[in-house]
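Observations on chain architecture
Listed here are the chains, written in short residue letters.
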Amino acid sequence: MATGRVGDVRIVAEDVDWPEPEGGSIPLRRVTVLAEDVRLRSLPTPAAKPARVELQIAVSADVLRERVAKVRPGIVAAPAGSGLLQIHWAKRPLWGHLTLRPQVADDAVVLVPQTLHIGQRRLRPPRRFQPIVLPLPELPPGIKLTKVEPREDELVLHTVAEEWPDRLSRIPLPDLLSWLTTAAVTLTLPKLGARS
């Protein structure tokens, strides 16, 4: 296989279960891998080397609600658009809500209070209300969280790979590229098997 350049490669996987160290898994709506400026090398072994790799991990609003309720019982959270989240008290949802801005910490997402909404009034958040800290699920080595983006009904975690592994899978790269080419040209999925 000749040395060459593929350009940008985008891979999307939907309905993914992300394993947790203590057992169980987190249901993910979507994992998107964007490899930029991918270069192919044939010697000494076939390899694909991207210049940069970004991952976007999308979780549903239900997962967000569950995570917030675990650290702050009685609080209901939801994405609010415009890069914000909103929470309200489960017992008194009509009393108003508090908007929060997600920030990235080393091993957590920190939800920082922004504005308290009561009826038509907008107030500063109460000082006694501390930011909500959501521990991150264990990310693969070399993956760093860079941004958290609330959308209408989901939360998207943006990550970047600091280092890309040399070996992507047990399937040899020529077989994988041949499979992708066949799938793109014929719009069918051929059988993909690993060599011994």
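Residues numbered from 1 in each chain as written. Predicted model: local features only at pLDDT ≥ 70, side-chain atom pairs only at ≥ 80, totals over all residues. Heavy atoms only, no water.

1. Describing the packing of aromatic side chains
Under the criterion given, the structure shown has one aromatic pair. The residue whose ring lies beneath Arg72 is Phe129, and the NZ or CZ to ring-centre distance is 5.0 Å. (Phe/Tyr/Trp six-rings, centres within 6.5 Å; stacked < 30°, edge-to-face > 60°. Lys NZ or Arg CZ within 6 Å of the ring centre and 35° of its normal.)

2. A word on helix α1 (residues 61-71)
Listed as buried for α1 are Ala61, Val63, Leu64, Arg67 and Val68. Each buried residue of α1 lies within a common arc of 155° when the element is viewed along its axis, so the set occupies one face. Those residues of α1 that are exposed and aimed more than 90 degrees away from the buried face are Asp62 and Lys70. (Buried < 20%, exposed > 50% of the residue type's maximum accessible area, 1.4 Å probe, protein only. Helix = DSSP H or I, 4+ residues; strand = E, 2+ residues; numbered from the N terminus. Arc of directions from axis to C-beta.)

3. Description of the nonpolar core
Residues Leu28, Leu64, Val68, Ile87, Val109, Leu111 and Ile132 are the most contacted members of the largest nonpolar core, which totals 34 residues. Here this core gets seven residues from one element, more than from any other, and that element is strand β2 (residues 25-41). (Core = buried A, V, L, I, M, F, W, Y, C linked by side-chain atoms within 4.5 Å.)

4. Considering the side chain of His117
Turning to its location among the elements, His117 is positioned in strand β8 (residues 108-118). Judged by its relative accessible area of 14%, His117 is buried. Once you skip the residues sitting within four places of it in the chain, His117 turns out to touch Trp95, Gly96, His97, Thr99 and Arg122. (Contact = heavy atoms within 4.5 Å.)

5. A word on the environment of Pro113
Among the structural elements, Pro113 can be located in strand β8. Using a relative accessible area of 14% as the deciding quantity, one classes Pro113 as buried. It is 6.2 Å that separates the C-alpha atoms of Pro113 and Pro125, two residues lying twelve residues apart in sequence.

6. Quick look at empty space enclosed by the protein
Tallying each qualifying case throughout the model produces one cavity of 30 Å³ or more. What the largest cavity holds in volume is close to 210 Å³. In terms of lining, the largest cavity is formed by 16 residues, of which the most central are Val59, Arg67, Pro135, Pro137 and Leu157. Elements represented by at least two residues in the lining of the largest cavity include exactly β2, β4 (52-60), α1, β10 (132-135) and β12 (154-161). (1 Å grid on protein atoms, 1.4 Å probe; cavity = no way out; pocket = protein on both sides within 12 Å on 5 of 7 lines; lining within 4 Å. Points joined across faces, edges and corners; volume = space filled by probe spheres on them.)

7. Remarks on the confidence of the model for the protein
Interpretation of this model should avoid reading the predicted coordinates in detail wherever pLDDT is low. The predicted model of the protein averages 81 in pLDDT, with 78% of residues at 70 or higher. Averaged over each element, pLDDT in the protein is lowest for helix α2 (residues 173-186) (63) and highest for strand β7 (residues 97-104) (94). (pLDDT = per-residue confidence, 0-100.)

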